[in-house]
Amino acid sequence: MMLSLQIPGLIRLHFRQACLRVPYSATITARGCKMATFTRVELDHPSRSCLLKHDDGNLIGTYPYVWLRDNCRCDKCFHPSSRGRLVLMGNLDPDILPDVAEVEDQTLNIRWPDDHRSQFPLSWLKEMQFSDMSEDPVSTPVRQFWGNEMQHKIPTFSFADILNKDKSLHDWIEALRVHGLALIKDAPHKEGAVLEIGKRISFLKTTHYGNTFQVLTKFEANNLAYTNAELGLHVDLPFNAYPPNIQMLHCIKQVHSTGGENQFCDGYKVAEDIKHVDPEVFRILTTIPVDFRDCGTEYNVYHVKHRSPIIQLLPDGRYKAISYNDQVRAPYIQIPVQDVYKIYQAIKMLNTELYKEENKIQIKLAEGDIVSFDNQRVLHGRSGFVVTETSERHLEGAYIDWDEACSRMRVIREKMLNEEPL
């Protein structure tokens with residue numbers, strides 16, 4: 001049985017054995033809901049585990065002895081306010097066996113050989129079932145890939161709501177986790193709006209362009225973004241070993257003539273297409289590193305360089321990042337000469353797929369719009385434009401790390417459900 005709180009727009013938290021996780025569901029399922037009772041515990045020395053069972057003898061869960069000792073929650077083993085473990089690995093015996101284990105009032109009580117006593121409520125143990133434990137929906141979002149059908153479906157939020165309503169802030173971050181792209185409307189037509197959003201999460205990521213950066217046409221610009229030239233589809237700062245995650249661009253002034261439109265493309269969707277159409281090209285793009293570099297003077301004097309495959313994967317095969325930016329691709333390629341031709345072929349195919357009409361969208365930001373996107377997934381570009389005495393283009397940009405944004409999501413969820421962090 002699952003107790004649910006109806007909070008539209010939030011993802012469902014659940015036990016995996018109960019239901020499948022669905023993004024953008026209308027439900028958060030609370031932890032600590034009513035559980036089946038247990039009255040039996042068996043010590044299984046061959047598996048070095050406690051077996052917890054229902055009244056009818058059916059197994060509830062298997063809990064290794066060493067894990068139970070390691071996670072004793074008494075004040076001698078666990079510091080409650082800092083949530084830090086006081087018994088460190090140097091004092092932990094992996095071969096420990098309990099002397100006594102018994103159940104009372106839905107609590108597992110264990111006495112260890114040194115006469116230490118541990119107590120584990122069933123509700124807490126149910127959260128800690130190993131292979132059956134549900135994944136953290138914030139860390140593992142169900143991403144939805146998209147093409148040009150996103151043109152009129154971009155998740156859109158109010159600037160005032162994000163500043164004043166926790167649920168709106170949560171839903172905006174969730175949209176970025178799921179889709180990688182979201183629009184914020186009605187921000188003030190002046191600098192500082194992206195800083196306010198950053199403060200709502202925690203803080204902005206400072207780079208060699210500063211805490212925020214102003215996208216204006218400059219004489220002798222050190223970045224093509226600071227010109228009126230067309231920008232190809234790219235991610236920002238691929239020359240950093242740890243590039244920015246979330247990017248925000250706030251339109252403060254927009255040119256009144258044609259041009260200055262922003263283009264976006266879901267790099268994960270394109271990568272998925274290539275994987276199915278040409279597995280060898282996908283292998284090349286996920287294994288052969290490409291070099292990126294940048295140097296100049298902005299917030300400070302900088303010279304940064306990094307090399308990585310253009311499509312980066314996690315160990316389980318899920319997408320980690322897209323690293324592609326023609327504007328700052330280095331002239332040198334630190335790969336065997338026999339691989340040069342095939343990496344160029346692969347990059348050319350990737351580029352062709354990115355620019356297919358079915359894969360990209362284009363919007364011209366209105367003054368007061370803030371476009372936000374996952375900089376390691378969604379590539380962005382810009383059409384060229386003309387600056388006149390009466391018409392100029394001014395965007396303010398900023399970055400936020402996923403670590404901080406995901407932390408804020410969890411804090412909001414725990415507050416809404418009145419939960420303690422695990």
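These notes cover the structure that comes with them. (Residues numbered from 1 in each chain as written. Predicted model: local features only at pLDDT ≥ 70, side-chain atom pairs only at ≥ 80, totals over all residues. Heavy atoms only, no water.)

Let us now look at the pattern of salt bridges. Throughout the structure, instances matching the rule amount to 23 salt bridges. A salt bridge links D316 to R318; the nearest nitrogen and oxygen atoms lie 2.7 Å apart. Several salt bridges share partner residues, and in doing so they unite R40, E42 and K53 into one network. (Salt bridge = Lys/Arg side-chain N within 4 Å of Asp/Glu carboxyl O.)

Let us now look at the sheet that holds strand β12 (residues 181–185). Strand order in the open sheet formed by six strands is β11-β12-β22-β15-β24-β13, and the pairing between neighbours is mixed. Edge positions in the open sheet fall to β11 (156–158) and β13 (213–215), since each of these has one partner strand only. Averaged over all pairs of adjacent strands, the angle between strand axes in this sheet comes to 25 degrees, irrespective of strand direction. Here β13 runs beside strand β24 (residues 394–400); their pairing, made up of three bridges, is antiparallel. Across the sheet, the residue bridging to V215 is L395, located in β24. (Pairing = 2+ DSSP bridges. Helix = DSSP H or I, 4+ residues; strand = E, 2+ residues; numbered from the N terminus. Axes fitted to C-alpha atoms, helices over the stretch in contact; angles between N-to-C directions.)

With three bridges connecting them, strand β19 (residues 311–313) and strand β20 (residues 319–322) associate as antiparallel partners. Of the residues in β20, the one forming a bridge with I311 is I322. Turn length for the β19-β20 hairpin, with the two strands adjacent in sequence and antiparallel, is five residues, and the turn residue G317 shows positive phi of about 95 degrees.

Relative to each other, helix α6 (residues 267–277) and helix α8 (residues 340–354) sit at 125 degrees, their axes nearing to 10 Å. Comparing their axes, α8 and α6 come out oblique. When you trace α6 past α8, the crossing you get is right-handed. Across from V270, I274 and V277 in α6, the residues of α8 making contact are M349, L350, E353 and L354. (Parallel < 35°, antiparallel > 145°, perpendicular 65-115°, else oblique. Left-handed = near helix turned anticlockwise from the far one by under 90°. Contact = heavy atoms within 4.5 Å.)

Our next topic: the side chain of K360. For K360, the position within the fold is in strand β21 (residues 360–363). A polar atom in the side chain of K360 sits 3.4 Å from the side chain of E357. (Polar contact = N/O pair within 3.5 Å; in protein donor to acceptor, adjacent residues only side chain to side chain.)

Our next topic: the pairing of strand β10 (residues 117–121). Because side chains alternate across β10, one face comprises the buried residues S118 and F120, and the other comprises R117, Q119 and P121, none of which is buried. Bridge analysis of strand β9 (residues 107–111) against β10 gives five bridges, and the strand direction is antiparallel. Across the sheet, the residue bridging to I110 is S118, located in β10. (Buried < 20%, exposed > 50% of the residue type's maximum accessible area, 1.4 Å probe, protein only.)

Attention now goes to the nonpolar core. By size, the foremost hydrophobic cluster in this structure holds 52 residues, and its most contacted members are L181, F264 and L285. If we ignore the near neighbours within four places in the chain, the residues touching L181 are W146, M150, I154, P155, A175, L176, F264, I361, V371, S372 and F373. In this structure, L176, A187, I201 and I370 belong to the second largest nonpolar core, which totals 27 residues. (Core = buried A, V, L, I, M, F, W, Y, C linked by side-chain atoms within 4.5 Å.)

Quick look at α8 now. Along its 15 residues, α8 runs 21 Å from first to last C-alpha, staying within 8% of the 21 Å computed at 1.5 Å per residue. Of the residues making up α8, those classed as buried are I343, A346, I347, L350, E353 and L354. Summarising the axial view, the buried residues of α8 lie within an arc of 120 degrees, below the 170-degree limit, and thus occupy one face. For α8, exposure combined with an orientation more than 90 degrees from the buried face picks out Y341 and K348. (Expected span 1.5 Å × (residues − 1). Arc of directions from axis to C-beta.)

Before going further, it helps to examine the environment of V215. Here V215 shows up in strand β13. With relative accessibility at 10%, the residue V215 sits in the buried group. With residues near it in sequence (within four places) discarded, V215 still touches A225, Y226, L249, R382, R393, H394 and L395.

In the Ramachandran plot, R83 falls in the positive-phi region, its phi being about 55 degrees despite a non-glycine side chain. Tracing the backbone through its elements, the reader meets R83 in the loop between β6 (78–79) and β7 (84–85). With phi around 75 degrees, D115 is a residue other than glycine that occupies positive phi space.

This part covers α6. Buried within α6 are the following residues: G267, Y268, K269, V270, A271 and I274. Where α6 is buried, its residues meet β16 (262–266), α7 (279–287), β19, β20, α8 and β23 (378–382). Of the residues that open α6, the one with a side-chain oxygen 3.1 Å from the backbone nitrogen of Y268 is D266.

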